[in-house]
Each structure stands twice: as structure tokens, then as C-alpha cells.
Amino acid sequence: MKKIAILGLSALGLVLLVACGSAPGASQSGSDKGNTIGKTVKIGVNMELSGAYAAPGNAEKNAIQLATDEINAKGGIGGKQIELVVKDNKTDNGEVATVVSNLTNNDKVAAIIGPMSSGGTLAATPNVTKAQVPLITPTGTNDSLTYKNDKVQPYIFRTIFPDAFQGKVIANYTEKSLNAKKVLVYYDNSSDYARGILKTFKANYKGTIVDTLSYQAGDKDFQAALTKVKNKSFDAIALIGYYAEGGLITKQAREMGITQPIVGGDGISDPTYTALAGNAATNVHYVAGFSTKAPFNETTKKFIDAYQKAYNEEPSAFAACAYDAVYMIKQAAESGKVENSVALAKALGNVKGLVGATGTIDIDKHHNPVKSAVMVKLEEGKEVAAEIVK
């Protein structure tokens, strides 16, 4: 009887192990090869279409659709049409994880584009890794997204440069081009994106940081903090965060008579920034992956024309990076025998010489794009100049 009981328990344990999907090497999608590429190339879009980041999220979705339409019109990817599965993560990290699970397990996508933010991408990483489905974030810049604890994240890629690169560009531009020996730092302490850029800015800026102010996403009144520092001696403001608060800070600072140049990252490259700041967005400089005033190549020019025709507005850097993400998938999927999402992830790591809207892209060993950036200058809410920088 004891032997029968032990055998029964062992069998039950084996059934439970298989049912729970906890056998060694099993992926969330039920295959050690991830999801199979079928009659179409299914690409999931996990994007911020509502909530705090809806403006850039919708711009990215539009650009993804534009690239998809272009590729499908020319025969698709290796003769297969792209099938987009678009879902709104509502700018909520809990929803991000749920969307990933649905896309990988139910829709069986071969790749995912989005989220657009660093925080959202961090939330998506565990599920895409279990499912063995590659994710490209067009604009998630946090350094640890693709490389963490001395290990490459095998299923995470991006088309935007990481925070470390942005922090260096801002520091060099502030110090050399603006000749700013002393800066005031104002950053979003609730954002992984802002904290990452600030870290590398501090490591590379050789001048003096006279004070560091912080705010939280969603704040609207910055006058008290600005009043405390307006009479301090500084040559520039390093404004590190996203467009919503950045636009209000710029407007309120200029209304208080703070006229020093403002330098920021690509988080303020969205048109919402200038809509909020208005004419106060004067003597403002920011890093971008793209500018309509500094096209990298003919692909950039064609993208600008096509986006304007399709959506009746100029494309932002957010849109351009999302557009290139689709073409990254195309190059990877056509690079050899790529029949499933695991093989696609490996091929994405070998993308080289992709001539995109944001320049020529080579994916490095940490899954980051090696490419140039743009420094944009605003006067009275309008982009007046842009220069390509490295």
C-alpha cells in the first residue's frame, strides 16, 4: 500500500508540474521556441494610447501603422503580410504586464513594439522573457532595460539611444556649446528615465551644479521651488523629465523672469511641450533622436513626407523611433531562417546598417542602437534650428 501511495503521489506531482508549466526550460507560450511565425508576421503593439503618455504613445502607434502599410504594400516580410495586434496599456504598468500576457499567450505574436516608456518596458520584461518573444521599445531609454547586472536582457531591444548617451550629450552641449559653467538641475524624481539621465549628466558635466530641485509626475505648480532659486547665479537649467511638467515649468520660469537657457532630454520633444509652454519655450535646447530640420538621409525625408500626408502633422522623434522599430523587425526576419520568435530575437541582435528615419542603426552587443542624435533649439515655441551630434 505504501508503494502504491508513493507511486500515486509521484504521478500526481508530475501531472502538476506539467500543468503548471514549471518544467525546466518551458516558456510562458508553451514552447522552447517561443511563438511560431505563421501565414502572417504578427506584431503586437503594447502602447500608451490613453493616460499620462497618450500623446507620444499615439504618435508611435501612427508611425507603426505607417511603416506596416508601406511594407505590406511592397510584399510584406519575406512575402508574408504584417498583422498588427494593437492594445492600449493605459500608461499603467500593471496593465502593461496584462497586455504582454495576452499578446504572447492568446494572440501568439512573434514580436512586440512598446511600451514607449522605460517604466512600462521594465514592467513588460518578465513576461516577454518567459514567453521568449522579443520586445522593441521605441523610446524607453533607461540603461538597465537591455543590460542589467552585467547580463544582456535577451528579449529586450530599443531604437532610441539609452540614458547614458543622452546624459553625456546634454552635459557636453551645456558645457561647450552653451558655455555654461554653473547649472541648476530640475528633474522628475518619480521617473526612471529622468533619474537615469541625471546620473550620467552628473558624471560627465565638469561645471558646478548650484542646486538640484525635484518634482513628481502630475505636479502642476512649480512657482514656490522656482522662487527659491531664481536669484541664484547659474548659466543654464538642466530640465530632465517629460513634456507635461516640462512645459509648465518652462512657462512658469519664464513668467518669473528666469531667462537662462533650458537644456533637456528627449522627454520634452513631444509637441505637447510647446503647446503647454507656448512662446515661453524660448532659448530651449533638447536631445532628440530625430528632427524634421536635420534629416539624416533620404529615408528620413520620405518618412517626414509620408507621415505628414497620412496624419496632417509633422512627425515627432517618438514617431520616428517607432517607425524604425518595424523596419528593424523586417530586416531581422529576412536575415535567414527565422521561423519563430526565439530566432527573431537572435536576428534582432544582429541588425546592422539599417538606414532608418533616425539615421543608420547598428544594434550593439547590449541591444542598443549605435547612431547619432540631434540637438534641437526652440524659440517662442517653434523649432528654429537642429544639429546632428554624436
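Residues numbered from 1 in each chain as written. Predicted model: local features only at pLDDT ≥ 70, side-chain atom pairs only at ≥ 80, totals over all residues. Heavy atoms only, no water.

If you check an unreviewed UniProt entry, the protein chain appears there as ABC transporter substrate-binding protein from Pseudolactococcus carnosus.

What follows covers the packing of aromatic side chains. Taken as a whole and judged by the stated rule, the model has 12 aromatic pairs. Judged by centre distance (5.5 Å) and plane angle (80 degrees), the ring pair of Tyr186 and Tyr215 falls under edge-to-face. Of this pair, Tyr186 sits in strand 8 (residues 182-188) while Tyr215 is found in strand 9 (residues 208-215), placing the two residues 29 residues apart along the sequence. Geometrically, the ring pair formed by Phe201 and Tyr205 is stacked, given 5.2 Å between the ring centres and 10 degrees between the ring planes. By relative accessible area, which is 7% here, Tyr205 ends up buried. (Phe/Tyr/Trp six-rings, centres within 6.5 Å; stacked < 30°, edge-to-face > 60°. Helix = DSSP H or I, 4+ residues; strand = E, 2+ residues; numbered from the N terminus. Buried < 20%, exposed > 50% of the residue type's maximum accessible area, 1.4 Å probe, protein only.)

Before going further, it helps to spend a moment on the confidence of the model for the protein chain. Residue-level pLDDT values for the protein chain average 91, and 92% of them are 70 or greater. For residues 1-30, every residue scores under 50 in pLDDT, and the model assigns this stretch 20 contacts once sequence neighbours within four places are set aside. (pLDDT = per-residue confidence, 0-100. Contact = heavy atoms within 4.5 Å.)

Right, let's get into the pattern of salt bridges. This structure, assessed with the given rule, holds 7 salt bridges. Note that Glu255 and Lys251 form a salt bridge whose closest N and O atoms lie 3.3 Å from each other. Taken together, the residues span about one helical turn, with Glu255 and Lys251 both in helix 8 (residues 243-255) at a distance of 4 residues. Residue classification places Lys251 among the partly exposed residues on the basis of a relative accessible area of 33%. The salt bridge involving Lys301 is made with Glu298; its shortest N-O contact spans 3.3 Å. Here Glu298 and Lys301 lie together in helix 10 (residues 298-311), a separation of 3 residues that amounts to about one turn. Using a relative accessible area of 40% as the deciding quantity, one classes Lys301 as partly exposed. Glu298 sits in the partly exposed class, given a relative accessible area of 49%. (Salt bridge = Lys/Arg side-chain N within 4 Å of Asp/Glu carboxyl O.)

Here strand 8 runs beside strand 9; their pairing, made up of 7 bridges, is parallel. Pairing of Val185 across the sheet is with Thr212, part of strand 9. (Pairing = 2+ DSSP bridges.)

On to the side chain of Asn72, then. Here Asn72 lies in helix 2 (residues 54-73). Excluding residues that lie within four positions of it along the chain, Asn72 makes contacts with Gln81 and Ile82.

What follows concerns the environment of Ala277. Summarising the element assignment, Ala277 is placed in helix 9 (residues 271-277). The class for Ala277 is buried, based on a relative accessible area of 2%. Through-space distance from the C-alpha of Ala277 to that of Thr91 is 23 Å; in sequence the pair is 186 residues apart. Dropping the residues within four chain positions of it, Ala277 is found in contact with Gly247, Thr250 and Lys251.

Right, let's get into the UniProt feature "domain: Leucine-binding protein" (unreviewed entry) in the protein chain. Taken from the UniProt record, the annotation "domain: Leucine-binding protein" (unreviewed entry) applies to residues 40-381. Across residues 40-381 one finds 42% helix and 21% strand; the C-alpha atoms that close the span lie 44 Å apart. (UniProt positions renumbered as here; feature names shortened; annotations may be inferred.)

A large share of strand 12 (residues 284-288) lies buried, amounting to 5 of its 5 residues. Side chains Val284, Tyr286 and Ala288 project from strand 12 onto one buried face, and the interleaved His285 and Val287 project onto a second face that is buried too. In the sheet, strand 11 (residues 262-264) pairs with strand 12 via 3 bridges, with the strands oriented parallel. Residue Val263 lies in a different strand from strand 12, and its bridge partner there is His285. Since strand 11 and strand 12 lie parallel, the crossover through helix 9 that links them has a hand, and here it is right-handed. Here 5 bridges tie strand 12 to strand 16 (residues 373-379), and the two strands are oriented antiparallel to one another. Of the residues in strand 16, the one forming a bridge with Tyr286 is Val376. (Right-handed = clockwise from strand over helix to strand, strands pointing away.)

Attention now goes to helix 8. Taking 1.5 Å per residue, 13 residues should reach 18 Å; helix 8 reaches 18 Å between its end C-alpha atoms and fits that length. Extensive coverage of helix 8 is indicated by the burial of 10 of its 13 residues. Taken together, the buried positions of helix 8 are occupied by Tyr243, Glu245, Gly246, Gly247, Leu248, Ile249, Thr250, Gln252, Ala253 and Arg254. (Expected span 1.5 Å × (residues − 1).)

Turning our eyes to something else, we now look at the packing of helix 11 (residues 317-333) against helix 12 (residues 341-348). Angle between the axes and distance between the axes are the two parameters that describe a pair of packed helices. Between helix 11 and helix 12, the least distance of the axes is 8 Å, while the angle of their chain directions is 105 degrees. By the angle class used here, helix 11 and helix 12 are roughly perpendicular. Across from Met328, Ile329, Ala332 and Ala333 in helix 11, the residues of helix 12 making contact are Leu344, Ala347 and Leu348. (Axes fitted to C-alpha atoms, helices over the stretch in contact; angles between N-to-C directions. Parallel < 35°, antiparallel > 145°, perpendicular 65-115°, else oblique.)

To continue, consider the packing of helix 3 (residues 93-106) against helix 4 (residues 118-131). Two elements in contact, helix 3 and helix 4, have axes whose closest approach is 8 Å; the angle formed by their N-to-C orientations is 30 degrees. By the angle class used here, helix 3 and helix 4 are roughly parallel. Helix 4 is crossed by helix 3, and the crossing has right-handed handedness. Every residue of helix 4 that contacts helix 3 at Asn93, Val96, Ala97, Val100, Ser101 and Thr104 is listed here: Gly119, Gly120, Ala123, Ala124, Asn127, Val128 and Ala131. Class assignment of the residues belonging to the contact of helix 3 with helix 4 gives a composition of 7 nonpolar, 6 polar and no charged. (Left-handed = near helix turned anticlockwise from the far one by under 90°. Nonpolar A, V, L, I, M, F, W, Y, C, P; charged D, E, K, R; others polar.)

Between its first and last C-alpha atoms helix 4 spans 20 Å; for 14 residues at 1.5 Å apiece the expected length is 20 Å, and the two agree. At Thr125, helix 4 shows its strongest bend, of approximately 40 degrees, with the proline Pro126 following within four residues. Along helix 4, the residues classified as buried are Ser118, Gly120, Thr121, Ala124, Thr125, Asn127, Val128 and Ala131. Among the structural elements, helix 3, strand 3 (111-113), strand 4 (135-137), strand 7 (156-158) and helix 6 (192-204) are those in contact with the buried residues of helix 4. With a side-chain oxygen lying 3.1 Å from the backbone nitrogen of Gly120, the N-terminal cap of helix 4 falls on Ser117. (Bend = angle between axes of the 7 residues up to and from the residue. Polar contact = N/O pair within 3.5 Å; in protein donor to acceptor, adjacent residues only side chain to side chain.)

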